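Breakdown of the fold
Given next are the chains, with one letter for each unit.
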Amino acid sequence: MKCKALINELEVYFDEDIDPALRAEIEEHIAKCKNCRVVVNTCKKTIEFFCNSDPAPLPEDTRHRLYQAIEKKLRQPRA
Amino acid sequence: MSSPKIDPIRRPILPSQVVKDDEPALVAAAKAGDISAFETLVGRYERKIFRLAQNITQNREDAEDAMQEAFLKAYEHLADFEGNSRFYTWLVRIAVNQALMKLRKRRPNVVSLDEEVDTGEDLIPREVEDWGPSPEERYEQSEMGEILSNAVADLDPTFRIVFQLRDIEELSTEETAEVLGLSVPAVKSRLLRARLKLRQKLNRFFRQEANS
């Protein structure tokens, strides 16, 4: 496996159901190639930063307007 | 030398991601006209739908409108929800459409999701520097939040939305393709580029030499 092929597989790297043969090829490559190892690790961290953040609560005024709009709509008979 | 292992992404179950067992019953009750059941569903997803709308529109007012319209539309079309997918995925599809309409209104020439992605570019990062074990510890939580949201905001909308749905909202590749009306390969190539571009943007803050 070459660096370019490895980068092109970056989309499936971290899936738990990645094909074991592909995983083995990737692991073999990154054992030898420092650049790719760093890219894989920092990419993984990047994804973790984002997926591990819970969304912030709604600002109070935004929330108030949302429920007002819902109340208004829900009082109308549904088509 | 033994091969380094690639562990799967660490995805702790966040409170916002727990699908509660009562969801099908709540959806059924809301369908039958139970307003409080619908409001319970709104309460469960309001934060995620607002973040989604904000990340797509990059405009607070548009995000608020898109979120409101998404919930109202969901209520209006509840009868069409057949339960073949998760309620949240169905809701996300509605919210993405509302948010995209706002974005296209504001930037009519910029947003075409199914535009060909240039695959000729060399995706291999040239200067690769490691980040060290816990680079996020160098920043306060609020600073960290700002770094992340600025990095996402900087992405091209088509990359941003695919990354948002796949990596933040954790929709599957197939679900993302369906929501955005893209092919599965198109989702994959956009996700790959989004991840690489984000990594590059964050590199500035997290590389070992930063702040030292």
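As the structure is a computational prediction, the values presented were derived from the model and not from experiment.

Our focus in this paragraph is the overall build of chain A. Along chain A, the regular secondary structure elements total four helices and zero strands. Overall, chain A shows an N-to-C arrangement of helices and strands of α-α-α-α. Over its C-alpha atoms chain A spans a radius of gyration of 23 Å, topping by over 25% the 12 Å that the globule rule assigns to 79 residues. Overall, chain A is about 65 × 30 × 20 Å in size when its C-alpha atoms are taken along their principal axes. Within the span of chain A, comprising 79 residues, buried residues form 47% of the whole. Of all intrachain contacts in chain A linking residues separated by at least 6 positions in sequence, the fraction that spans at least 24 positions is 49%.

So, about the confidence of the model for chain A. Here chain A shows a mean pLDDT of 86. Residues at 70 or above account for 95%. When mean pLDDT is compared element by element in chain A, helix H4 (residues 60–75) of chain A scores highest at 92, while helix H1 (residues 3–8) of chain A scores lowest at 84.

So, on to the pattern of salt bridges. Overall, the coordinates contain 19 salt bridges over all chains when judged by the stated rule. Here B:Glu76 makes a salt bridge to A:Lys73, at a shortest N to O gap of 2.6 Å. In this pair, B:Glu76 is assigned in helix H3 (residues 60–76) and A:Lys73 in helix H4, connecting two distinct chains. The class of B:Glu76 is partly exposed, set by a relative accessible area of 37%. Salt-bridge contacts for B:Arg44 lead to B:Glu23; the nearest nitrogen and oxygen are separated by 4.0 Å. One end of the pair, B:Arg44, is in helix H2 (residues 35–57); the other, B:Glu23, is in helix H1 (residues 23–31), with 21 residues separating them in the sequence. In terms of burial, B:Arg44 and B:Glu23 fall into one category: buried.

Once that is clear, we can look at helix H8 (residues 184–206) of chain B. End to end, H8(B) covers 32 Å across 23 residues, agreeing with the expected 33 Å (1.5 Å per residue, within 8%). A side-chain oxygen of the first residue of H8(B) lies 3.1 Å from the backbone nitrogen of B:Ala186; this N-cap is B:Ser183.

Turning our attention to the interface of chain A and chain B. Taken together, the contact pairs 50 residues of chain A with 69 residues of chain B. Taken over both partners, the interface formed by chain A and chain B buries close to 5,600 Å², and the fraction arising from carbon and sulfur atoms is 65%. Our enumeration of links across chain A and chain B arrives at four salt bridges. Close ionic contact of B:Glu64 with A:Arg65 constitutes a salt bridge, the shortest N to O distance being 2.4 Å. Where chain A meets chain B, there are 10 residue pairs in polar contact (both at pLDDT 80 or more). If one sorts the elements of the side of chain A that touches chain B by residue count, helix H3 (residues 34–51) of chain A sits on top with 15 residues. Among the residues forming the side of chain A that touches chain B, the class breakdown is 25 nonpolar, seven polar and 18 charged.

Now for the nonpolar core. The biggest cluster of nonpolar side chains holds 68 residues, and the ones touching the most others in it are A:Phe50, B:Ile49, B:Phe71, B:Phe87, B:Val96, B:Leu165 and B:Leu202. The biggest single contributor to this core is helix H4 (residues 87–106) of chain B, with 11 residues. Other than its neighbours up to four places away in sequence, A:Phe50 contacts B:Leu148, B:Val152, B:Phe163, B:Ile168, B:Leu198 and B:Leu202. In terms of nonpolar packing, the next biggest core, distinct from the first, is built from 20 residues, A:Phe14, A:Leu22, A:Ile30 and A:Ile47 among them.

Rules used throughout
- Residues numbered from 1 in each chain as written.
- Chains lettered and ligands numbered in written order.
- Predicted model: local features only at pLDDT ≥ 70, side-chain atom pairs only at ≥ 80, totals over all residues.
- Heavy atoms only, no water.
- Helix = DSSP H or I, 4+ residues; strand = E, 2+ residues; numbered from the N terminus.
- Rg over C-alpha atoms; globule rule 2.2 N^0.38 Å.
- Buried < 20%, exposed > 50% of the residue type's maximum accessible area, 1.4 Å probe, protein only.
- Contact = heavy atoms within 4.5 Å.
- pLDDT = per-residue confidence, 0-100.
- Salt bridge = Lys/Arg side-chain N within 4 Å of Asp/Glu carboxyl O.
- Expected span 1.5 Å × (residues − 1).
- Polar contact = N/O pair within 3.5 Å; in protein donor to acceptor, adjacent residues only side chain to side chain.
- Buried area = accessible area lost by both parts, 1.4 Å probe.
- Nonpolar A, V, L, I, M, F, W, Y, C, P; charged D, E, K, R; others polar.
- Core = buried A, V, L, I, M, F, W, Y, C linked by side-chain atoms within 4.5 Å.

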